[in-house]
Amino acid sequence: MTGPILSIRNLTVEIPTRHGILRPVDGISYDIGRGEILGIVGESGAGKSMAGNAVIDLLSPPAHIAGGEIWVNGTRIDQLKGDAMRRLRGKEIGMVFQDPLTSLNPLLRIGDQLTETILAHLPLSRAQAKDRAIKALDEVGIPGATERINSYPHEFSGGMRQRVVIALALCAEPSLIIADEPTTALDVSVQAQIIALLKALCRNRGTAVMLITHDMGVIAEAADRVAVMYAGKLAELGAVRDVLGAPRHPYTDGLMGSTPLASRGKARLHQIPGAMPALDNLPQGCAFHPRCPYAQSICKTQMPTLADGDGAACFFPLPHTAEVA
Amino acid sequence: MPLVSVKNLTRIFDVSKPWLNRVIERRKKAFLTAVNDVSFEIEERSVYALVGESGSGKSTIGKMLVGLLQPSSGSVEIRGVDLARETDAAKIDGVRADIQMIFQDPFASLNPRWRVRDIIVEPVASRGKDTTGMAEKLLEQVGLSVRDAGKFPHEFSGGQRQRICIARALASEPKLIVCDEPTSALDVSVQAQVLNLMSDLRDEFGLTYLFISHDLTVVQHMADKVGVLYLGMLVEEAAPDELFDDPKHPYTQMLLDAAPKLGDYGRDVPPPVGEIPDPINPPTGCPYHPRCPLVQDVCRRDRPVLRKLRGARVACHMAE
């Protein structure tokens, strides 16, 4: 297979409310290739989790996919329903959530949870499934997997639990993993372990990973490419080195400036004035223009689009020559 | 004289099961030492940061400083007054007014049924003082508008709520503000706004902060002195430049290596080994020895004492 594992085209998610239709995800497009980690970064409410949930059909009604296409391994999946989607979920797409405690069933031994998933997707006997579960636990670095398979979730620490969740997402060998804030609830040292694990799995198995996070540092370390979201739209898309090193969208630039950095010492942090607009109160034109230091009259009336492939959705991308700034 | 002086502070929690279970299951009482013999001082008008992972005891120290928890042993003296032992009510009252606290979750620390005006002036009103116009003035100082005084907390975003918490903390004109993870629940751009505001207010009012955080970059940005905690013990203390350029304790080195760095794209470093041990049955000797690359016999046997080493204080047998 040469094409991308996941391909999203013009994906739009809508939530009908009494006061009109909200679009938490508004026409985003990107691809994730084999063995690639795409970081999705943005502030709360930017729509990054919604986009992930839309791919695996976990939107909670009344939110629904209102337009666009989602392709996984060359198959269009956004219109699949019921059983067809259930077969795909877990088999082709694995999911890792933020809170490892709530994504495991506290009443079942982790071995039972793993074999249940394996048996649902692969034609194996119970004994073979158990072997496979042990192998999966081994792979994510849980010591003594043969014994720990009979433990309950509460017997694990937070980091170990997140490893179990990753094993669960991996056990049917999916080609895509969606990791929604997988390290946000963890300490830095454990976070480093989990990131290293995700990177190793991605490299060894060629699994594509959609890594959703608000932490620019995690993105810089783990991702190959990054998509910056703002108010439901992609603001900027490209290789991590380009986007974080030399941001073209003023929002990305502002985000980087407000992150405290060792090299900047105690200098005052850059502030983006204002806050992200509410979804029911989006400004005309570019959603970022009320906060943008470079906004011109065209930004207030027209919506900039992201050129096909990499780039920034901005009429006046950085770096600026003197006359524009 | 330092504003705050913490001496041999220890806090032990009883985490035993109920007595009937203990009798039936033949279990002993269990104790968790959350803070273990910690001593440090905070100079007036400086920012002292405590960093550590979950379970390191940083919040427990913050709570003992403001008097929300009583120490099991050791003492906290603020301007020479030990709140837990002082018997002169007037003295206690004077010191109490000088301490305020900002909590992590701005959604849980504001009463949803109170108007912002009442929330902000409460620390002053409860002492029976006049508060006319006070809330409005404070709101402007923290970057909100005068009209916000009549609103309820649910009408504000997370960052704005944290500003309200800061306004409330400023109302009684305190000397010391204990900030327990004040920006952990906020997005980076909002975090920048709140951190800048805190720096401005510190200059304007001559405040002293005890800044509790798990985020090393934030600590480096804010602090004048940093204390690193591990399993309830202070393992290293230094000025941020010293600490970040030349970490002396192996735990500090591990923390710095593990923190994600913006500049290092696709950085591949061996991740740290092991996890924080069970605080109910902590390791003997140095608490870090099971994970330490420099471990020797002496580390398993004796707990290292905090000693001076170049510009820092470090509790490690091997550091040099």
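Once a new chain begins, its residue numbering starts again from 1 and follows that chain's sequence as written. Going through the entries in the order they are written, you letter the chains from A and number the ligands from 1. Thresholds applied to this predicted model are a pLDDT of at least 70 for local features of residues and 80 or more for the giving and counting of side-chain atom pairs; totals over whole chains, interfaces and linings are not thresholded and use all residues. Hydrogens are left out, water is left out, and the side-chain values use all remaining heavy atoms of the structure.

Peer 1: Describe the overall build of chain B, listing the residues and the values that go with them.
Peer 2: When helices and strands are tallied, chain B shows 11 helices and 12 strands. Only the C-alpha atoms count toward the radius of gyration. The rule for a globule is 2.2 Å times the residue count to the power 0.38. Against the 2.2 N^0.38 benchmark of 20 Å for 320 residues, chain B shows a C-alpha radius of gyration of 21 Å, consistent with a compact globule. The buried label applies to any residue whose accessible area, calculated with a 1.4 Å probe on protein chains only, is under 20% of its type's maximum; exposed applies above 50%, and partly exposed to all values in between. The 320 residues of chain B split such that 52% are buried. For the accessible areas, the method is Shrake-Rupley and the probe is 1.4 Å, while residue cover comes only from the protein chains on display. Surface accessibility of chain B: about 14,600 Å² in total, with carbon and sulfur atoms responsible for 49%. Positive charge is attributed to Lys and Arg, negative charge to Asp and Glu, and no charge count is given to His or to the chain ends. To locate a charge, take atom NZ for lysine, CZ for arginine, CG for aspartate or CD for glutamate. Side chains of chain B carry 40 positive and 44 negative charges; the gap between the two charge centres is 6 Å. Put simply, DSSP H or I for four residues or longer makes a helix, DSSP E for two residues or longer makes a strand, and each gets a number counted from the N terminus.

Peer 1: Now, about the packing of helix α3 (residues 110-121) of chain A against helix α4 (residues 126-139) of chain A: what can you tell me, with residues and values included?
Peer 2: Residue and element names in this part refer to chain A. Only the stretch in contact is used when a helix axis is fitted, and all axes are lines through C-alpha atoms; the angle between N-to-C directions ranges over 0 to 180 degrees. Look at α3 against α4: their axes get within 9 Å of each other, and the N-to-C directions meet at 115°. Considering their axes alone, α3 and α4 lie roughly perpendicular with respect to each other. The two elements α3 and α4 cross, and the hand of that crossing is right-handed. Between α3 and α4, the contacting residues are Ile 110, Leu 114, Thr 115, Ile 118 and Leu 119 on the first element and Arg 126, Ala 129, Lys 130, Arg 132, Ala 133 and Leu 137 on the second. Polar here means any residue other than Ala, Val, Leu, Ile, Met, Phe, Trp, Tyr, Cys and Pro, which are nonpolar, and Asp, Glu, Lys and Arg, which are charged; Gly is therefore polar. Residues belonging to the contact of α3 with α4 are distributed by class as follows: 7 nonpolar, 1 polar and 3 charged. Oblique is the label for every angle not falling under 35 degrees (roughly parallel), over 145 degrees (roughly antiparallel), or within 65 to 115 degrees (roughly perpendicular). Left-handed describes a crossing whose near helix is turned anticlockwise from the far helix through less than a right angle; right-handed describes the clockwise counterpart. Two residues qualify as a contact provided that any one of their heavy atoms is within 4.5 Å of a heavy atom in the partner residue.

Peer 1: If you had to explain the pattern of salt bridges to someone new, which residues and values would you point to?
Peer 2: Within this document, salt bridges are pairs made up of a side-chain nitrogen of Lys or Arg and a carboxyl oxygen of Asp or Glu, the two lying within 4 Å of each other. Going through the model one piece at a time under the given rule, you end up with 29 salt bridges over all chains. Of the charged contacts in the structure, one is a salt bridge between Asp 78 of chain A and Arg 76 of chain A, with a shortest N-O distance of 2.8 Å. The class of Asp 78 of chain A is buried, set by a relative accessible area of 13%. Under the relative-accessibility criterion, Arg 76 of chain A is labelled partly exposed at 30%. The residue Asp 246 of chain B makes a salt bridge to Arg 310 of chain B at a minimum N-O spacing of 3.2 Å. With Asp 246 of chain B in the loop between α9 (240-245) and α10 (250-258) and Arg 310 of chain B in the loop between β11 (307-309) and β12 (312-314), this pair connects stretches of sequence that are 64 residues apart. Accessibility expressed as a relative area gives 27% for Asp 246 of chain B, which makes it partly exposed. Overlapping salt bridges, with partners in common, bring together Glu 242, Asp 246, Lys 248 and Arg 310 of chain B in one network.

Peer 1: I'd like a rundown of empty space enclosed by the protein, residues and numbers included.
Peer 2: Remark: the empty space left among the atoms is shown by a probe the size of a water molecule rolled over them. Here a cavity denotes grid points, spaced 1 Å and computed from the protein atoms alone, that fit a 1.4 Å probe unable to get out, and a pocket denotes an open set having protein on both sides within 12 Å along at least 5 of 7 lines; residues with an atom within 4 Å of a point are the lining. Grid points are joined across faces, edges and corners, and a volume is the space filled by probe spheres set on the points. Taken as a whole, this structure holds 5 cavities of 30 Å³ or more when the rule is applied. Together, 13 residues line the largest cavity, and Pro 250, Cys 286, Cys 292, Cys 299 and Cys 314 of chain A are the ones closest to its centre. Estimated volume of the second largest cavity: approximately 60 Å³. If you trace the second largest cavity, you find it lined by His 249, Pro 250, Cys 286, Tyr 288, His 289, Cys 292, Leu 294, Cys 299, Pro 304, Cys 316, His 317 and Met 318 of chain B.

Peer 1: Outline the packing of aromatic side chains, listing residues and values.
Peer 2: Between two aromatic rings, the relevant description is the distance of the centres plus the angle of the planes. All names here are of chain A. A pair of aromatic rings is counted whenever rings of Phe, Tyr or Trp (Trp by its six-membered ring) have centres within 6.5 Å, and the orientation is called stacked for planes under 30 degrees apart, edge-to-face for over 60 and tilted otherwise. According to the stated counting rule, one finds 7 aromatic pairs over all chains in the structure shown. Aromatic side chains Tyr 230 and Tyr 251 sit 4.5 Å apart centroid to centroid with 55° between the ring planes, which places their arrangement in the tilted category. Within this pair, whereas Tyr 230 is found in strand β9 (residues 225-230), its partner Tyr 251 is found in helix α10 (residues 250-258), the two being separated by 21 residues in sequence. Taking the relative accessible area as the measure of exposure, Tyr 230 reaches 4% and is therefore buried. Aromatic rings pair up to connect Tyr 230, Tyr 251 and Phe 288 into one cluster. The criterion for a charge sitting over a ring is simple: Lys NZ or Arg CZ within 6 Å of the ring centre, and within 35 degrees of the ring normal. Arg 148 extends its terminal NZ or CZ atom over the ring of Phe 156, reaching a point 4.2 Å from the ring centre.

Peer 1: So what's going on with the nonpolar core? Residues and values would help.
Peer 2: Leu 6, Tyr 30 and Met 210 of chain A are the most contacted members of the largest nonpolar core, which has 100 residues in total. Of the residues forming this core, the biggest block, 8 residues, is contributed by helix α6 (residues 158-170) of chain A. Apart from residues lying up to four places away in sequence, Met 210 of chain A is in contact with Leu 6, Ile 8, Tyr 30, Ile 32, Leu 38, Ile 40, Gly 52, Val 55, Leu 176, Ile 177, Ile 178 and Ala 179 of chain A. In these notes, a set of buried Ala, Val, Leu, Ile, Met, Phe, Trp, Tyr and Cys residues joined through side-chain atoms within 4.5 Å is what counts as a nonpolar core. Core analysis: the second largest hydrophobic core is formed by 63 residues, Val 121, Met 134, Val 226 and Leu 231 of chain B among them.

Peer 1: Describe the interface of chain B and chain A, with residues and values.
Peer 2: The interface of chain B with chain A comprises 39 residues on the first partner and 42 residues on the second. Surface buried jointly by chain B and chain A totals about 3,400 Å² across both partners, of which 52% is contributed by carbon and sulfur atoms. Remark: the boundary between chain B and chain A carries 1 salt bridge. Taking the shortest distance from any N to any O, the salt bridge between Arg 268 of chain A and Asp 200 of chain B comes out at 2.7 Å. Two N or O atoms count as a polar contact when they lie within 3.5 Å, although within protein this holds only if one can serve as hydrogen donor and the other as acceptor, and sequence-adjacent residues are included solely when both atoms are side-chain atoms. Counting every contact that joins chain B to chain A gives 9 residue pairs in polar contact (both at pLDDT 80 or more). Considering each element in turn, the side of chain B that touches chain A owes the most residues, 9 residues, to helix α7 (residues 188-205) of chain B. Of the residues that constitute the side of chain B that touches chain A, the class distribution is 19 nonpolar, 10 polar and 10 charged. Reported buried area values correspond to the accessible surface (1.4 Å probe) lost by two parts on association, with both partners' losses combined.

Peer 1: I'd like a description of the side chain of Glu 236 of chain B, backed by residues and values.
Peer 2: All names here are of chain B. Here Glu 236 is to be found in strand β10 (residues 233-238). Salt bridges are absent for the buried Glu 236, whose nearest opposite-charge side chain, Lys 248, sits at 4.7 Å. Here the side chain of Glu 236 touches His 249 through a polar contact of 2.8 Å, landing on its backbone nitrogen. Excluding residues that lie within four positions of it along the chain, Glu 236 makes contacts with Val 226, Gly 227, Val 228, Leu 243, Asp 246, Pro 247, Lys 248, His 249, Thr 252, Ala 312, Arg 313 and Val 314.

Peer 1: For α4 of chain A, give the residues involved together with the corresponding values.
Peer 2: One turn of the α-helix equals 3.6 residues, which is why residues spaced by three or four share an orientation. All names here are of chain A. Helix span is expected to be 1.5 Å times the residue number reduced by one. Between the first and last C-alpha of α4 there are 20 Å, a value that for 14 residues agrees with the 20 Å anticipated at 1.5 Å per step. Listed in full, the buried residues belonging to α4 are Ala 129, Ala 133, Ile 134, Ala 136 and Leu 137. The arc enclosing the buried residues of α4, seen along the axis, measures out at 160°, which places them on a common side. Away from its buried face by more than 90 degrees, α4 exposes Ala 127, Asp 131, Lys 135 and Asp 138. Turning to α4, the residues buried within the fold contact α3, α5 (145-148) and α6. Once α4 ends, the next one or two residues include Gly 141, with phi positive near 85°. Directions pointing from the helix axis toward each C-beta atom define the arc.

Peer 1: Talk me through α10 of chain B; I want residue IDs and the actual numbers.
Peer 2: Among the 9 residues in α10 of chain B, 7 count as buried, and that is most of the element. Every buried residue belonging to α10 of chain B is among Pro 250, Tyr 251, Thr 252, Met 254, Leu 255, Leu 256 and Ala 258 of chain B, and all of these are buried. Turning to α10 of chain B, the residues buried within the fold contact α7 (188-205) of chain A together with α8 (216-222), β9 (225-230), β10 and α9 of chain B.

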